[in-house]
Amino acid sequence: MLSSRGHRNVQELGVPWRFSHTQTYDPETNPTGLISFGLAENKPMRAEIAKYINEKVTFTEDSISYRSSAPTAARLPAAAATHLNNILSPNVPIQSEDVVVADSATSLGNMLGYSLAERGDGILVNRPVYGRFELDYGVEAGVEVVYADTAPEEAFSPASVDKYELALEAARERGMWIRAVLLVNPHNPVGRCYPVETLKAIARFCQKHGLHLISDEVYASCFFETDDPDAVPFTSILSLGLAGLIDPSLVHVLYGFSKDFASGGLHLGFLVTQNKKLRQACQAILRLHGASQAAVTIGTTILEDQAFVSSFTTKSRRSLASGYQLTTSMLEKEGISYIKGGNAGFFVYIDLSPYLPSEEELSPREREFSLAQRLVDAGVFLHPGEEHSKDVGWFRLVFSQEEDILKEGFRRLLSVLKSSA
């Protein structure tokens, strides 16, 4: 017999299409395998980061111990602070004591939910947004993600605060206490960065209502050049002068290795906060979410080598720019609508609503599932209904693939869409 919590978590496994399919395609060994446009990995850069680790990382006894020795233990927070000062340009420099190290940004999201909210409380998020936040904040902490319904374009406007207000009031009317606002900047799945004035408006909203502001900045270095003169550059929430906007102790930034360093499997994440009590609360549960000492050894070596970090980031941005240009040119050629102005992340947010099946007996979401199944049957995966939108038919297409795989996946995608037209 399971607890009520265990029972609820079992039910999560039964939610249709909740989890991403794994890519099995290989042009030589498995040419009929599945190509996944659903999992946000920077595949073209994995070989380079693996090569660096194999050549440069030296494992010691500390790397397999429960805890590092005192001098070694301080190296990763210090290296992370230096790196984050370089890429986030904070208004107040990040100190090593401001950094909590855990096994991933995902775990840190769970820890924030657990430490900032009670079970049944809410965290406010605009949508469309990365759908697995419902799991990150809900599975253990029992915190509900509450959506402010913004259209993709509207989400980046200071006027979006009006929708936050409406969602906050609606939650209060049904007896829910909202504890925080969660931003994803650069945004997943739209691939844009928040303008400064919008960040300021959201910070003021949080201050007005006494809410924590969690800024998930795991794509902080994954922006790239485009031909769009209106593309908004990345601005970290920490780069703003927070005085007069929000109490700095309410602002918390998440970062990790999964995106900027193409190494999601390394499981290494960072929380940056000036809130000492919150850091202590997280430290108390780190025994459940601590990074392995092997990962700490790898992460420290990488972050202490800022020359490599700079070189790797430059190559990554070139690769992302190339993938984005190829993808958007194919979408333009085929007349498939997408949200323009992207310049960050691994994805383009595309509108496949014209290709949804017309069966009247299906619900709108089931029509998305039906299209997704047809795509899987053709050997390509797009995640239906998970990058939550108030409108059906929108999918996140992850373009961070080798060019030949991207083209083959797009060929399979078009074969289904053209048969649906």
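Since the structure is predicted, the reported quantities are computational estimates derived from the model, not experimental observations.

A. Structural context of the environment of Met330. Here Met330 is to be found in helix α11 (residues 306-334). Separated by 81 residues in sequence, Met330 and Arg411 place their C-alpha atoms 9.9 Å apart. In this structure Met330 touches Leu406 and Phe410, once residues within four positions along its chain are discounted.

B. Focus on the layout of surface pockets. Considered as a void within the structure, the largest pocket measures approximately 970 Å³ in volume. In terms of lining, the largest pocket is formed by 43 residues, of which the most central are Thr106, Tyr130, Asp136, Ser258 and Lys259. Those elements that provide at least two residues to the lining of the largest pocket are α1 (4-13), α5 (105-116), α6 (133-138) and β7 (251-256). Considering every element that reaches the lining of the largest pocket, the biggest residue donor is α5, with five residues. Of the residues that constitute the lining of the largest pocket, the class distribution is 17 nonpolar, 17 polar and nine charged. Each of domain 1 (4-47 + 309-420) and domain 2 (59-305) gives at least three residues to the lining of the largest pocket. By volume, the second largest pocket is sized at about 670 Å³. Listed by contribution, the elements that provide at least two residues to the lining of the second largest pocket are α4 (75-88), β2 (99-102), α9 (276-284) and α10 (293-304). Residues that form the lining of the second largest pocket fall into these classes: ten nonpolar, five polar and two charged.

C. Focus on the domain arrangement of the chain. Annotation of the chain at the domain level lists domain 1 (4-47 + 309-420) and domain 2 (59-305). Placing a centre on the C-alpha atoms of domain 1 and another on those of domain 2 gives a separation of 24 Å. Note on domain 1 versus domain 2: buried area summed over both sides is about 3400 Å², and carbon and sulfur give 58% of it. Our count for the domain 1 to domain 2 interface comes out at one salt bridge.

D. Looking closely at the pattern of salt bridges. Taken as a whole, this structure holds 21 salt bridges when the rule is applied. Residue Lys407 is joined to Glu403 by a salt bridge in which the shortest nitrogen-to-oxygen separation is 3.0 Å. Placement of both Lys407 and Glu403 in helix α13 (residues 403-420) is noted, with a separation of four residues, approximately one turn of the helix. Assessed through its relative accessible area of 41%, Lys407 is described here as partly exposed. Judged by its relative accessible area of 44%, Glu403 is partly exposed. Each of the salt bridges in this network shares a partner with another, and the network as a whole consists of Glu12, Arg18 and Glu134.

E. Region of the structure containing the pairing of strand β9 (residues 347-351). Within β9, five of the five residues are buried, leaving the element largely enclosed by the surrounding structure. Of the two faces of β9, the one holding Phe347, Tyr349 and Asp351 and the one holding Val348 and Ile350 are both buried throughout. One ladder, built from five bridges, connects β9 with strand β11 (residues 394-398); its direction is antiparallel. The residue of β11 that forms the bridge with Tyr349 is Arg396.

F. Seen up close, unusual backbone geometry. Put simply, Asn185 and Pro186 share a cis peptide bond, and its omega is -5°. Within the secondary structure, Pro186 sits in the loop between β5 (178-184) and α8 (196-209). In this chain, Asn188 is followed by Pro189 through a cis amide linkage whose omega measures 25°. Structurally, Pro189 is set in the loop between β5 and α8. Of note, the phi angle at Trp17 is positive, near 60°, even though the residue is not glycine.

The rules we used
- Here, residues in each chain are numbered from 1, in the same order as that chain's written sequence.
- At least 70 in pLDDT is required for a residue's local features to be given in this predicted model, at least 80 for side-chain atom pairs to be given and counted, and no such filter applies to totals for whole chains, interfaces and linings, which use all residues.
- Side-chain figures throughout are based on the complete set of non-hydrogen atoms in the structure, without hydrogens or water.
- To qualify as a helix, a DSSP run of H or I must reach at least 4 residues; to qualify as a strand, a run of E must reach at least 2; elements of each kind are numbered from the N terminus.
- Residues count as neighbours in contact if any of their non-hydrogen atoms are within 4.5 Å of one another.
- With a 1 Å grid laid over protein atoms only, a set of points is called a cavity when a 1.4 Å probe fits there but cannot get out and a pocket when it is open yet has protein on both sides within 12 Å along at least five of seven lines; lining residues have an atom within 4 Å of a point.
- Grid points are joined across faces, edges and corners, and a volume is the space filled by probe spheres set on the points.
- Residues are grouped as follows: Ala, Val, Leu, Ile, Met, Phe, Trp, Tyr, Cys and Pro are nonpolar; Asp, Glu, Lys and Arg are charged; all remaining types, including Gly, are polar.
- Either an automatic procedure or a domain database provided the assignment from which the domain bounds are taken.
- Buried surface area refers to the total accessible area, computed with a probe of radius 1.4 Å, that the two partners give up upon joining, counted for both partners together.
- The salt bridge definition used is simple: a Lys or Arg side-chain nitrogen within 4 Å of an Asp or Glu carboxyl oxygen.
- Any residue under 20% of the maximum accessible area for its type is buried, any over 50% is exposed, and the rest in between are partly exposed; the area is computed with a 1.4 Å probe on protein chains only.
- Strand pairing is assigned whenever DSSP detects at least two bridges linking the two strands.

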